[in-house]
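Secondary and tertiary structure notes
What follows is each chain in one-letter form.
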Amino acid sequence: MENVSESDDVRTSIIHLPDDCLSFIFQRLDNLEDHDSFGLTCHRFLNIQNINRRSLQFQCSLSLLNSPTLSQTTLAVNSDHLHRLLTRFQWLEHLSLSGCTVLNDSSLASLRYPGAKLHSLHLDCCYGVSDDGISTVASFCPNLRVVSLYRCGISDIGLETLARAASLALRCVNLSYCPLVSDFGVKALTQACVQLESVKISNCKSITGVGFINSSPTLGYVDAESCQLEPKGVAGIISGGGVEFLNISGPVSYIGKDGLVPIGSGVASKLRVLNIRMCRTVGDESIKAIAKGCPLLQEWNLALCHEVRVEGWEAVGKWCCSLKRLHVNRCRNLCDQGLLGIRRGCKNLRILHMNGNARLTTTAIEMFKLHRGDVTLRSEEVMVIGPDWGLYTRG
């Protein structure tokens, strides 16, 4: 056997490892400081760091992903900053520009670099972004699954362009406080995007809900707080049959006493969380229909629903067998007999939010406590219920 001298021994180091091995090592570093130290070692290690970065956001962001993805700069992000960052991090999958208020339509041209790799894009409060910017997004980012455009200047035109470009990928869209979006834009979105799962249109005053008619059965989450909803629009929202969370709360509505009856027609049989807080005109027929037609309902916010009377409350008690949490704060017509109806039914009820009910006597409340020791009474009034939209936006 031939002897190998020490001088012939081939010495190796981490520098000799191939890029895929270095990437494997980088991905298993625990914290941001280690990532930065890795990138400062040499140009090759910096390149490994760059191609492994999947998320980017800034200190001003309104939609934080997780702390290791934060940019360390506290400067106002302008077009030049964004261009430099996106040319460096071209493998991003998640980008949040929320709160970057100085960006405009032309700033988004830099999206060409991560482009087709992006899965989620947050542009909340990017006031300078309009339809032209959204057209740029549509051109470069056809694989977007999540788009948040809270308080952007997008209109129906931009929304239709985006929906067509990302029709096979788009799942979650936030259009809250986008006053230029109407039912026409919503229709373009729901008809083009066959995998749509969640939509937020809260405080969009030009939306009645009819744009949701014949939407995809994958649509499970709709937040339409303070929209100009009409009965036909409410029926449209649930028409796909897959809605599990529905928020139609708020004082701005044209629903009427019987306007929510379609929810109980059987189309919304998968509904689990329903928020109709401050729907002051909704009456007993709507409540009875929902109680009978939504057997899976687990949480129901009826706070400030003043026209719900004894017949409605008794229907809740009789038919809402899966209900675990009920909100009845400040309901003017919840009286002792109505509370008795809830007490005798709702066998799975665990939490009852109740305060400011002037027609309830102390005796009725004490009797409820005596007979339903399994139910916790809470006086706080809750405005936001159900799952966080963030759970739908993992990209």
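Here goes a summary of the coordinates provided. (Residues numbered from 1 in each chain as written. Predicted model: local features only at pLDDT ≥ 70, side-chain atom pairs only at ≥ 80, totals over all residues. Heavy atoms only, no water.)

**Concerning the side chain of Asp183**
As for its position among the elements, Asp183 is in helix H7 (residues 183–192). Put simply, Asp183 is tucked away with no salt bridge, and the nearest opposite charge, on Lys232, sits 9.8 Å away. Polar contacts involving the side chain of Asp183 include one to the side chain of Thr208, which spans 2.7 Å. For Asp183, the residues in contact, after removing those within four places along its chain, are Ser206, Ile207, Thr208, Gly209, Val210 and Gly211. (Helix = DSSP H or I, 4+ residues; strand = E, 2+ residues; numbered from the N terminus. Buried < 20%, exposed > 50% of the residue type's maximum accessible area, 1.4 Å probe, protein only. Lys, Arg positive; Asp, Glu negative; His and termini not counted. Salt bridge = Lys/Arg side-chain N within 4 Å of Asp/Glu carboxyl O. Polar contact = N/O pair within 3.5 Å; in protein donor to acceptor, adjacent residues only side chain to side chain. Contact = heavy atoms within 4.5 Å.)

**Quick notes on the side chain of Ser167**
For Ser167, the location among the structural elements is in the loop between helix H6 (156–165) and strand S5 (172–174). Among all residues touching Ser167, those that are not within four sequence positions of it are Ala192, Cys193 and Val194.

**Thoughts on the packing of aromatic side chains**
What the rule picks out here adds up to two aromatic pairs. Plain terms: the ring middles of Tyr150 and Tyr177 are 5.6 Å apart, the flat faces sit at 80° to each other, and that makes the pair edge-to-face. Placement of the pair is Tyr150 in the loop between strand S4 (146–148) and H6 and Tyr177 in the loop between S5 and H7, with a sequence separation of 27 residues. Looking at Tyr150, the relative accessible area reads 24%, which means it is partly exposed. With relative accessibility at 30%, the residue Tyr177 sits in the partly exposed group. When the centroid spacing of 4.4 Å and the interplanar angle of 25° are considered together, the rings of Tyr221 and Phe245 count as stacked. (Phe/Tyr/Trp six-rings, centres within 6.5 Å; stacked < 30°, edge-to-face > 60°.)

The values reported here are purely geometric and, on their own, carry no functional implication.
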